[in-house]
Amino acid sequence: MKLVNGFLIAVISLLAFAACEEAFIREEYEDNAVDVFNSMWTTVDENYSFFDFKGIDWDAVYDANRPRVENGMRRDSLFNVLADMLFVLRDGHVNLQAGFDLSRNWDWYLDFPQNFNFTVIERNYLADDYEITGPFLHRAIDSVGYIYYESFEDDFSESIVDYLVTLYASRIVDDDTLIFKGLIIDVRDNGGGSLNNANTLASRFADERRHVQNWQYKNGPGHNDFTEPVKKFIEPGGNFQYNGPVVVLTNRSCYSATNFFVQIMKNFPNVVVMGDSTGGGGGLPINRELPNGWTYRFSSTVTTTVAGENIEDGVAPDIRVDITEEDEQAGRDTILEEALELICRVFDEQTNGGA
Amino acid sequence: MNIRSFFVRYWYEKSPQPPFLKGESKNVNSFSRIKTLDNFKNESNSPLEKGGRRGTGKGDLKKLTYYCLVVTITLLSVNPIQAQEKFRSFNIGAGYTLPKFFDRSSSSLRYQGHAVSATGGFHFREDSSTMQHIDLRFDYGQMSAFAFEFADVEYVRVEGNYSYQKRIRDIWQNRLHWFVGGSINSLYNLWIFSNYSNNSVNTSLYVSISPATTLVYSFTLWNRKFRASYSAYLPLLTFAVRPSYGTTRLPGFLDDERDEPVAQFFESGSLTSLNKFFRYSNTWSLEYFLSNRNRLRLTYEWNYLRYSEPRLVQAASHNIVIGTMFNF
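Predicted model, so just to flag it, every value in this text is computed and none were measured. (Residues numbered from 1 in each chain as written. Chains lettered and ligands numbered in written order. Predicted model: local features only at pLDDT ≥ 70, side-chain atom pairs only at ≥ 80, totals over all residues.)

Trainee: What's the story with the overall build of chain B in this structure? I'm lost.
Mentor: The secondary structure content of chain B amounts to five helices and twelve strands. Here chain B holds 328 residues, and the buried ones make up 34% of them. For chain B, contacts bridging at least 24 residues in sequence account for 62% of all contacts bridging at least 6. (Helix = DSSP H or I, 4+ residues; strand = E, 2+ residues; numbered from the N terminus. Buried ≥ 20, exposed ≤ 12 C-beta atoms within 10 Å, placed from the backbone. Contact = placed C-beta atoms within 7 Å.)

Trainee: Where do I start with the overall build of chain A in this structure?
Mentor: Secondary structure assignment for chain A yields twelve helices and 16 strands. A globule of 355 residues ought to have a C-alpha radius of gyration of about 20 Å, yet chain A, at 26 Å, is considerably larger. Its C-alpha atoms give chain A principal-axis dimensions of about 105 × 50 × 35 Å. Residues classed as buried in chain A amount to 41% of the 355 residues present. Sequence-distant contacts, at least 24 apart, represent 72% of the contacts inside chain A between residues at least 6 apart. (Rg over C-alpha atoms; globule rule 2.2 N^0.38 Å.)

Trainee: Got a minute to help me understand the nonpolar core in this structure?
Mentor: In globular proteins that are soluble, nonpolar side chains generally tend to be buried together. Ile147(A), Ile184(A), Ala202(A), Val248(A), Phe261(A) and Met265(A) are the most contacted members of the largest nonpolar core, which totals 53 residues. Beyond its immediate sequence surroundings of up to four residues, Met265(A) is in contact with Ala202(A), Phe205(A), Val248(A), Val271(A) and Val273(A). (Core = buried A, V, L, I, M, F, W, Y, C linked by C-beta atoms within 7 Å.)

Trainee: Would you take a moment to explain the environment of Asn124(A) for this structure?
Mentor: Relative to the assigned elements, Asn124(A) resides in helix H7 (residues 118–126). Taking the number of C-beta atoms within 10 Å as the measure of exposure, Asn124(A) has 14 and is therefore partly exposed.

Trainee: Would you mind going over the interface of chain A and chain B with me for this structure?
Mentor: In many analyses, interface size is given as the accessible surface area lost on bringing the parts together. Each side of the interface is counted separately: chain A has 37 residues, and chain B has 33 residues. Looking at the side of chain A that touches chain B, the elements that each hand over two or more residues are helix H1 (2–17), helix H2 (33–47), strand S10 (230–234) and strand S13 (285–289) of chain A. Ranked by the residues each element gives to the side of chain A that touches chain B, the list is headed by H1(A), at six residues. Partitioned by chemical class, the residues of the side of chain A that touches chain B number 17 nonpolar, twelve polar and eight charged. (Nonpolar A, V, L, I, M, F, W, Y, C, P; charged D, E, K, R; others polar.)

Trainee: Would you take a moment to explain the sheet that holds strand S4 (residues 136–141) of chain A for this structure?
Mentor: Strand pairing in a sheet relies on backbone hydrogen bonds, with the paired strands running either antiparallel or parallel. Residues and elements named next belong to chain A. Taken in spatial order, the seven strands of this open sheet run S3-S4-S5-S8-S11-S12-S16, and their pairing is mixed. Because the sheet does not close on itself, it has two edges, and the strands there are strand S3 (131–133) and strand S16 (319–320). As paired elements, S4 and strand S5 (residues 144–149) share six bridges and run antiparallel to each other. From the neighbouring strand, Ile141 faces S5, where its bridge partner is Val144. Against the sheet, helix H8 (residues 158–169) contacts S3, S4, S5 and strand S8 (182–186), and its axis sits at roughly 140 degrees relative to S3. (Pairing = 2+ DSSP bridges. Axes fitted to C-alpha atoms, helices over the stretch in contact; angles between N-to-C directions.)

Trainee: Got a minute to help me understand unusual backbone geometry in this structure?
Mentor: Most peptide bonds take the trans form, and the phi angle of most residues other than glycine is negative. Cis peptide bonds are those with omega within 30 degrees of zero, and the linkage from Glu309(B) to Pro310(B) qualifies with -15 degrees. For Pro310(B), the location among the structural elements is in the loop between strand S11 (295–307) and strand S12 (313–327). With a phi close to 50 degrees, Arg90(A) is a non-glycine residue in the positive phi region. One can find Arg90(A) in the loop between helix H5 (75–87) and strand S1 (95–98).

Trainee: Please clarify how H8(A) should be interpreted in this entry.
Mentor: Residue and element names in this part refer to chain A. Between its first and last C-alpha, H8 extends 16 Å over twelve residues, near the 16 Å set by a 1.5 Å rise per residue. Among the residues of H8, Val161, Leu164, Val165 and Tyr168 are the ones counted as buried. On an axial view of H8, the arc spanned by its buried residues comes to 90 degrees, and they lie on one face. On the buried face of H8, the contacting elements are S3, S4, S5, S8 and helix H9 (195–203). (Expected span 1.5 Å × (residues − 1). Arc of directions from axis to C-beta.)

Trainee: Looking at this structure, how should I read the packing of H9(A) against helix H10 (residues 257–265) of chain A?
Mentor: The packing of two helices is summarised by the inter-axis angle and the distance between the axes. All names here are of chain A. Direction vectors running N to C along H9 and H10 enclose 25 degrees, while the axes themselves pass 9 Å from each other. Taken together, the axes of H9 and H10 lie roughly parallel to each other. Seen along the crossing, H9 lies across H10 with a hand that is right-handed. The segment H9 lies against H10, with Leu195, Asn197, Ala198, Leu201 and Ala202 engaging Ala257, Phe260, Phe261, Ile264 and Met265. Considering only residue class, the contact of H9 with H10 consists of nine nonpolar, one polar and no charged. (Parallel < 35°, antiparallel > 145°, perpendicular 65-115°, else oblique. Left-handed = near helix turned anticlockwise from the far one by under 90°.)

Trainee: Help me understand the pairing of S12(B) in this model?
Mentor: Consecutive side chains of a regular strand alternate in pointing toward one face of the sheet and then the other. Residue and element names in this part refer to chain B. With 15 bridges joining them, strand S1 (residues 87–103) and S12 adopt antiparallel strand pairing. Within the sheet, the bridge partner assigned to Gly93 lies in S12 and is Gly323. Both S11 and S12 contribute to a ladder of 13 bridges, which runs antiparallel. When the bridges of S12 are listed, Thr299 appears paired with Val321. Between S11 and S12, which pair antiparallel in sequence order, lie five residues.

Trainee: Help me out: how do you make sense of the sheet that holds strand S2 (residues 101–103) of chain A in this one?
Mentor: Residue and element names in this part refer to chain A. Spatially, the four strands line up as an open sheet ordered S2-S1-S14-S13, and their pairing is antiparallel. The open sheet has two free edges, formed respectively by S2 and S13, since each of these has just one partner strand. With direction set aside, neighbouring strand axes in the sheet form an average angle of 15 degrees. The pairing of S1 with strand S14 (residues 295–299) spans three bridges and is classified as antiparallel. The residue of S14 that forms the bridge with Asn95 is Arg297.

Trainee: It is not clear to me how the pairing of S1(A) should be interpreted in this structure. Could you clarify?
Mentor: Residues and elements named next belong to chain A. Taken together, the three bridges between S1 and S2 define a ladder with antiparallel strand orientation. In the strand pairing of S2, Gln97 is matched with Leu102. Counted along the chain from S1 to the antiparallel partner S2, the turn is two residues long.

Trainee: Sorry, what's going on with the packing of H2(A) against H5(A) here?
Mentor: All names here are of chain A. Contact geometry of H2 with H5 gives a least axis separation of 11 Å together with a crossing angle of 15 degrees. Taken together, the axes of H2 and H5 are roughly parallel relative to one another. The crossing of H2 and H5 is right-handed. In contact with Ala33, Val36, Phe37, Met40 and Trp41 of H2, H5 contributes Leu78, Val81, Leu82 and Met85. Of the residues assigned to the contact of H2 with H5, the class counts are nine nonpolar, no polar and no charged.

Trainee: Would you mind going over H10(A) with me for this structure?
Mentor: Each turn of an α-helix holds 3.6 residues, which means side chains three or four residues apart point in the same direction. Residues and elements named next belong to chain A. Judged by how many residues are buried, H10 sits mostly within the fold: nine of nine residues are covered. Those residues of H10 not exposed but buried are Ala257, Thr258, Asn259, Phe260, Phe261, Val262, Gln263, Ile264 and Met265. As for H10, its buried residues are in contact with H9, strand S9 (210–217), S10, strand S11 (246–250), strand S12 (271–275) and strand S15 (301–305).

Trainee: Explain the confidence of the model for chain B to me, please; I cannot follow it from the model alone.
Mentor: Low pLDDT means the predicted atomic positions in that stretch should not be read closely. Residues and elements named next belong to chain B. Averaged over every residue, the pLDDT of chain B is 79; residues scoring 70 or more account for 72%. Here residues 71–84 scores under 50 on pLDDT; set against residues more than four positions off or in separate chains, the count is 23 contacts. Confidence estimates for the predicted assembly give a pTM of 0.81 and an ipTM of 0.85. (pLDDT = per-residue confidence, 0-100.)

Shown next as structure tokens:
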């Protein structure tokens, strides 16, 4: 009888236990200003990857901003407090998205010369007879291939990039003249996008399998809790690898996936990066939601070069060139002109050396 | 002992003041109370009847309690099917799931939604002393944080269980059969956050070894054969595969260069037990025998999961399924 009674009690207890997950799965934060603030501060505190690299005292940020928040405050006022808090991170991968505004810190290019004017490129260099292949605008300029790629968000197929590198690598002899001396890849004002696109494009210039970057992921709530570096490699892709002289044009508006692309390209012996430093963006951003429905994102990984340099603040060019005021007024792109000259010079040296 | 008598005796022994017998002395002995209850029907002294000798019939709660008790006693008093016939059957079913989860790896918010369910499985009973079940369940639905009006998380849940149990005791005069054994449980959760980019896909897998128990009660009611059962399992040892701390990628797959998915999968998980992983599932089902011995089956399951590594995740679901069991 005791067994039966015990059994009955157990069954009734289990029945009562069922459906009570409300008691276990509780909301950590409510939809009020203080909880929204605390939710964001805590999540960023535990997951953001560049506190120490940038020397940011996140606790001080809390102390400075928490008094500005009280329940019942206007939504736009709360948005401004949160935006101010995130602004301190100095990171283009950090945004707060509300229905009425998007917070950002775009100082990574606003504080620097633009060094690019697409109108000049379109009217004075591409002119009328350029080709549009997928997201790429391209043509030959003075026997040098020129490819402009506006955004790594614009996808392309393997066959498209195969076509491009094959086209400008052609050593077709026409009246004893080599058609293409080299290739310029212009990624200025390219704000990033898909890393897959960056890797696919870079793989056409890889002479061999190369260790190009190291990635570290957050693995704990501490500001320095990271995994061991994970090596990233690029190996030759597609049917053809371009091994002629390549110049990659950059400015401060090169960000995120473009930053990755430029850093990868610097690993190849036939590639030179020319222009201004890239804007940066060396961490993969992750997204979160707030109790009031707003969303935000922030960097959660660290990328370093093989030598261990953090690329969060950008990748320096091999040859620093700015567009001069005179050239700008004359409708000339100084950086592109320098790249053309460099490729021609290299070609001449190779030709003469070969002779 | 008559089952009704047993239940009533149990009720009175455990309840110092039965809520439905207002006005009765607290010192009345349990036997007299049983007698009182046994006479409810014949003597029309139900508290539901206004003016009855014992009941006041005034409180809705007391009425509800009384109804529940009567229904329970009725169910327990119908003619039980004594023999546990052997059978092999497969079942298919469809239903509805109400899922909830909280996963700090992805969000500081709690999510809830709606999902459709499909179930299937095989049930074997070669003799009256053992049972084997293989059950599969697939859920697909949409979820959102409580704060939002729109669904922003796609929800996929796949569960597979194998259970082997032996009958250890027949109780309530051989009308209720108690099975105890073990089960292997696997659960796969996939949450896709449509608002997210690099961390949009959150996937996790749990494979557990659990003690399991089942109670089976067969009976006839209104000249129809039914079988009611309750089953539960509680994983003791679990291999859990969860995303890394700061990304939704699995730890073993952070290095893209590796091409050893099996090794990477096992590196992504860890063996854990009740101190870090708690999961509890209980299922109530009612089977109705058709004339050809196939059965219609109504099932309700409540499932709760809590795992604290590397970051706290909690998930629960209510699931109701109606299906058919075919003998073969």
